[in-house]
Amino acid sequence: MEMRHLRGAFTQEIERLATEDKTIFALATDSRGSVTLTDFAKHLPEQFVECGIAEQDAVGIAAGLANSGLRPFVCGPACFYSMRSAEQVKVDVAYSHTNVKIIGVSGGVSYGALGSTHHSTQDIALMRAIPGLEVFIPSDAVQMTALTDYLAKSDIAAYVRVGRGAVPVFYDVNASFTPGKAVKLKTGCDGAIIACGEMVYPALKAADKLNDKGYSFSVYDMFCIKPLDTIAILEAADTGFVLTAEEHSVYGGLGGAVSEVLSQVKPVPMTIMGLPDEKTFSGNSAEVLAHYGLTSEGIYERAVEGLKKWKSI
Amino acid sequence: MTTQQLIDKANEIRACALTMIFNAQTGHTGGAMSVSDILTVLFYDAMNFGPENASSPDRDRFFLSKGHSCEPYYAILGDRGFFPRSQLATFSQAGSPIIGHPNNAVNGVEVCTGALGHGLPVAVGAAIGAKRTGKAYKTFVVMGDGEQAEGSVWEAAMAAANYKLDNLWAVVDRNGLQISGPTEDVMALDKLSEKYSSFGWDVTELDGNDVSALHEYFHSDRPKGKPHMLIARTVKGKGLPFAENRPEWHHKVPTVEQLREAYTALGIKEVRF
Ligand SMILES: [Mg+2]
């Protein structure tokens, strides 16, 4: 299976777009290497702004560039852009309606053994509570490329989080994506898995295994945390059991968003899979995810557990 | 405008701002009075920015980083015709866009400010934008002196020098006070001009309540290749005999007697919206 990292998909597409559209700018905070913007900076120096290690300043500068009629993309580690510069995202960008896109790379627990300082496991909770900001957690490189095309055209500010490593490419290269519309990848009747980001592929694998054992599950890729696809969530609830999986705290992320919808409209039993409220276990990202059961096997087990508990299967 | 006209306009703006604060029974009186001369010279004398070019890409950019001094800012925008002046009567009223900090839902306000330490980075972005797109507009930002303790100010101070932003003018309303007392007691700032000089800025200090000095400064030729910093020494509560240099007037609201006393001191008969 083809493996690609999403940050590379982003930078390749944004450089292509910026070559034609001179209003597209990229900003980095000594992060051009980790974002993979080195070529962009070399080929389009007049559209690249280095801000040094100063995330608050970078987001403010981006808001000022937007005020001057440009379309800035601020790119750097998600852990810093979702916390260090959170107030600039809220005030200078979202509240002020400046057209700034925040691309948080190496998100979730991508940085693995670098520890909690470098993990972004609160960003969905934080960013989706800010009015005026769209939030996307894309799941593969094809989707990231399509999302980049959307972001370059959109006049709405957005926060996007991608991982660091290469992950399976499972979308057809011609697949199209609509913000606010989840992608339904499988249809089942015993339960539904709603996942985002790099948990979508393990969710698909888990659904395959469930199917082998005689349980059919729907799988949704909720890459659009905001605008959220409430219709897809209500449809998922028709199965009578919803499991959410995300590389994020179990507080306030995708699971929180889904439960906010269901608890008020169509309450059904849920399992929220994510990172527990503790200082993160140390190891590389695969080891951290495995420790917390955020794998296809882990999702499978929690799904079976849910079926037994809630559906007496 | 002549010097006398600028002096009169600044006092008119002070009276207007104080009346807004009195009507709303909320506001930031001290800083509003100290910054009024700076804002008056910028909006009536120095900047190429008015309602006629408010959406032109070539307009000069203005950011009020010390957003709590919004009352004279709104008073000026209303007076200049960015919105009907009568709307100043709605300041801080339920549902009004004219709230207690600059709100860019109001015509003339570029971005929302009020969380301190945000204006200079945004102004740096606007100035870089002008350089990169070949536009001749100038960018102006007004900060408070207490605000200088915010780290993001210095991130932007570094970036402004790094990018040689000689199209950027920053002003510090150096009234020497902040909400808890003198800046030098809360978090010592001096020598502020040396700090900015060492960061690579073109720094000037002058009396920020002297409109002719401000006029001279903004019309002077400045060195190329450096951002421009004006440390404007001002009096907090300027023009109000009962409020000058008193920290408690940071956000005190005048009584009706004090409002009348202020009108007399400012040479204003009445304020109508
Ligand atoms: Mg002060």
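The rules behind each value
Residues numbered from 1 in each chain as written. Chains lettered and ligands numbered in written order. Predicted model: local features only at pLDDT ≥ 70, side-chain atom pairs only at ≥ 80, totals over all residues. Heavy atoms only, no water. Helix = DSSP H or I, 4+ residues; strand = E, 2+ residues; numbered from the N terminus. Rg over C-alpha atoms; globule rule 2.2 N^0.38 Å. Buried < 20%, exposed > 50% of the residue type's maximum accessible area, 1.4 Å probe, protein only. Contact = heavy atoms within 4.5 Å. Disulfide = S-S within 2.5 Å. Expected span 1.5 Å × (residues − 1). Bend = angle between axes of the 7 residues up to and from the residue. Axes fitted to C-alpha atoms, helices over the stretch in contact; angles between N-to-C directions. Parallel < 35°, antiparallel > 145°, perpendicular 65-115°, else oblique. Left-handed = near helix turned anticlockwise from the far one by under 90°. Nonpolar A, V, L, I, M, F, W, Y, C, P; charged D, E, K, R; others polar. Phe/Tyr/Trp six-rings, centres within 6.5 Å; stacked < 30°, edge-to-face > 60°. Salt bridge = Lys/Arg side-chain N within 4 Å of Asp/Glu carboxyl O. Pairing = 2+ DSSP bridges. Right-handed = clockwise from strand over helix to strand, strands pointing away. Core = buried A, V, L, I, M, F, W, Y, C linked by side-chain atoms within 4.5 Å. Domains from an automatic or database assignment.

Colleague: Can you tell me about the overall build of chain B, naming the residues and giving the values?
Modeller: Summing up its helical and strand segments, chain B has 9 helices and 7 strands in all. In terms of C-alpha radius of gyration, chain B reaches 17 Å, essentially the compact-globule figure of 19 Å for 273 residues. The 273 residues of chain B split such that 59% are buried. Here the analysis covers contacts within chain B between residues at least 6 apart in sequence; of these, 76% occur between residues at least 24 apart.

Colleague: Explain the state of the cysteines to me, using residue names and the numbers behind them.
Modeller: Such a bond, covalent and formed between the sulfur atoms of two cysteines, is termed a disulfide. All names here are of chain A. This model, assessed by the stated rule, comprises 0 disulfides over all chains. Here C51 stays free of any disulfide, with the sulfur of C75 as its closest cysteine sulfur at 10 Å. The closest cysteine sulfur to the non-disulfide-bonded C79 is located on C75, 14 Å from its own sulfur.

Colleague: Before we move on, can you summarise helix 2 (residues 29-46) of chain B with the specific residues and values?
Modeller: Residue and element names in this part refer to chain B. For helix 2, spanning 18 residues, the distance from its first C-alpha to its last is 25 Å, which sits close to the expected 26 Å at 1.5 Å a residue. The axis of helix 2 is deflected most strongly, by about 45°, at V35. Judged by how many residues are buried, helix 2 sits mostly within the fold: 18 of 18 residues are covered.

Colleague: Give a detailed account of the environment of E247 of chain A, specifying residues and quantitative values.
Modeller: Residues and elements named next belong to chain A. Of note, E247 is situated in strand 13 (residues 242-249). Overall, E247 belongs to the buried group, its relative accessible area being 8%. Sequence separation of E247 and G274 is 27 residues, and the distance between their C-alpha atoms is 5.7 Å. Residue contacts for E247: discarding those within four places in its chain leaves G107, G108, V109, S110, S120, R161, E198, M199, L275 and L289.

Colleague: Quick one: what's the story with the packing of helix 2 of chain B against helix 3 (residues 70-80) of chain B, residue by residue and with numbers?
Modeller: Residue and element names in this part refer to chain B. At a closest axis distance of 9 Å, the pairing of helix 2 and helix 3 adopts a crossing angle of 30°. Of the possible angle classes, the one that applies to helix 2 and helix 3 is roughly parallel. When you trace helix 2 past helix 3, the crossing you get is right-handed. Every residue of helix 3 that contacts helix 2 at A32, V35, S36, L39, T40, F43 and Y44 is listed here: E71, P72, Y73, I76, L77, D79 and R80. Looking at the contact of helix 2 with helix 3, its residues break down into 9 nonpolar, 2 polar and 3 charged.

Colleague: Can you break down the packing of aromatic side chains residue by residue, with the values?
Modeller: In the structure shown here, the tally under the stated rule is 22 aromatic pairs over all chains. Judged by centre distance (6.3 Å) and plane angle (85°), the ring pair of F217 of chain A and F241 of chain A falls under edge-to-face. Taken as a pair, F217 of chain A in strand 11 (residues 217-221) and F241 of chain A in the loop between helix 10 (230-237) and strand 13 lie far apart in primary sequence, 24 residues in all. F217 of chain A gets classed as buried once you look at its relative accessible area, which sits at 3%. Their ring planes at 15° and their centres at 6.3 Å tell us that Y73 of chain B and Y74 of chain B sit as a pair that is stacked. One exposure class covers both Y73 of chain B and Y74 of chain B, and it is buried.

Colleague: So what's going on with the packing of helix 4 (residues 55-67) of chain A against helix 4 (residues 119-133) of chain B? Residues and values would help.
Modeller: Contact geometry for helix 4 of chain A and helix 4 of chain B: axes closest at 6 Å, N-to-C directions at 45°. Taken as axis vectors, helix 4 of chain A and helix 4 of chain B run oblique relative to one another. The handedness of the crossing between helix 4 of chain A and helix 4 of chain B comes out as right-handed. From helix 4 of chain A, D57, G60, I61, A63, G64, L65 and N67 of chain A reach across to helix 4 of chain B, where they touch P121, V122, V124, G125, A126, I128 and G129 of chain B. For the contact of helix 4 of chain A with helix 4 of chain B, a count of residues per class yields 8 nonpolar, 5 polar and 1 charged.

Colleague: Which residues make up the pattern of salt bridges, and what are the values?
Modeller: One pass over the full model with this rule turns up 25 salt bridges over all chains. Close ionic contact of K266 of chain A with D238 of chain A constitutes a salt bridge, the shortest N to O distance being 2.6 Å. Of the two residues, K266 of chain A is situated in the loop between helix 11 (254-265) and strand 14 (270-275) and D238 of chain A in the loop between helix 10 and strand 13; the sequence distance between them amounts to 28 residues. With a shortest N-O distance of 3.5 Å, E270 of chain B and R272 of chain B are connected by a salt bridge. Residue class for R272 of chain B comes out exposed when judged on its relative accessible area of 62%. Put simply, D145, R174, E184 and D190 of chain B are held in one network by salt bridges that share partners.

Colleague: Tell me what's going on with the sheet that holds strand 1 (residues 61-64) of chain B, and back it up with residues and numbers.
Modeller: Whether parallel or antiparallel, the strands of a sheet pair through hydrogen bonds between backbone atoms. All names here are of chain B. Spatially, 5 strands are ordered 1-2-3-7-6 in an open sheet, and the strand pairing comes out parallel. In the strand order of this sheet, the two ends are held by strand 1 and strand 6 (202-207), each with one partner. Strand-to-strand twist of the sheet, defined as the mean angle between neighbouring strand axes without regard to direction, takes the value 20°. Direction of pairing for strand 6 relative to strand 7 (residues 228-233): parallel, over a ladder of 6 bridges. When the sheet's bridge partners are listed, V203 is paired in strand 7 with M229. Helix 8 (residues 211-218) rests against strand 2 (139-144), strand 3 (168-174), strand 6 and strand 7 of the sheet, and its axis sits at about 160° to strand 6.

Colleague: Can you lay out unusual backbone geometry for me, pointing to particular residues and giving the numbers?
Modeller: Across the junction of K226 of chain A and P227 of chain A, the peptide omega takes the value 5°, indicating a cis bond. Relative to the helices and strands, P227 of chain A resides in the loop between strand 12 (224-226) and helix 10. Looking along the chain, the bond that leaves D190 of chain B and enters K191 of chain B is cis, with omega of 0°. Along the chain, the position of K191 of chain B falls in the loop between helix 6 (183-186) and helix 7 (192-198).

Colleague: Any details on the pairing of strand 7 of chain B? Residues and values, ideally.
Modeller: Residues and elements named next belong to chain B. The buried fraction of strand 7 is high, at 5 of 6 residues. Pairing analysis gives 6 bridges linking strand 3 to strand 7, with the strands arranged parallel. Paired with D173 across the bridge in strand 7 is A232. The parallel pair strand 6 and strand 7 is bridged by helix 8, and the resulting crossover is right-handed.

Colleague: Provide a residue-level description of the nonpolar core, including the pertinent values.
Modeller: Within the largest apolar cluster, 139 residues are counted, with the highest numbers of intra-cluster contacts made by L120, V124, L168, Y196 and W201 of chain B. By residue number, the principal contributor to this core is helix 4 of chain B, which donates 8 residues. In this structure, this core is formed jointly by two domains, domain 1 (3-168) and domain 2 (183-310) of chain A, each of which donates at least three residues. Leave out the neighbours within four places in its chain, and V124 of chain B touches I61 of chain A together with A156, A159, A160, L165 and L168 of chain B.

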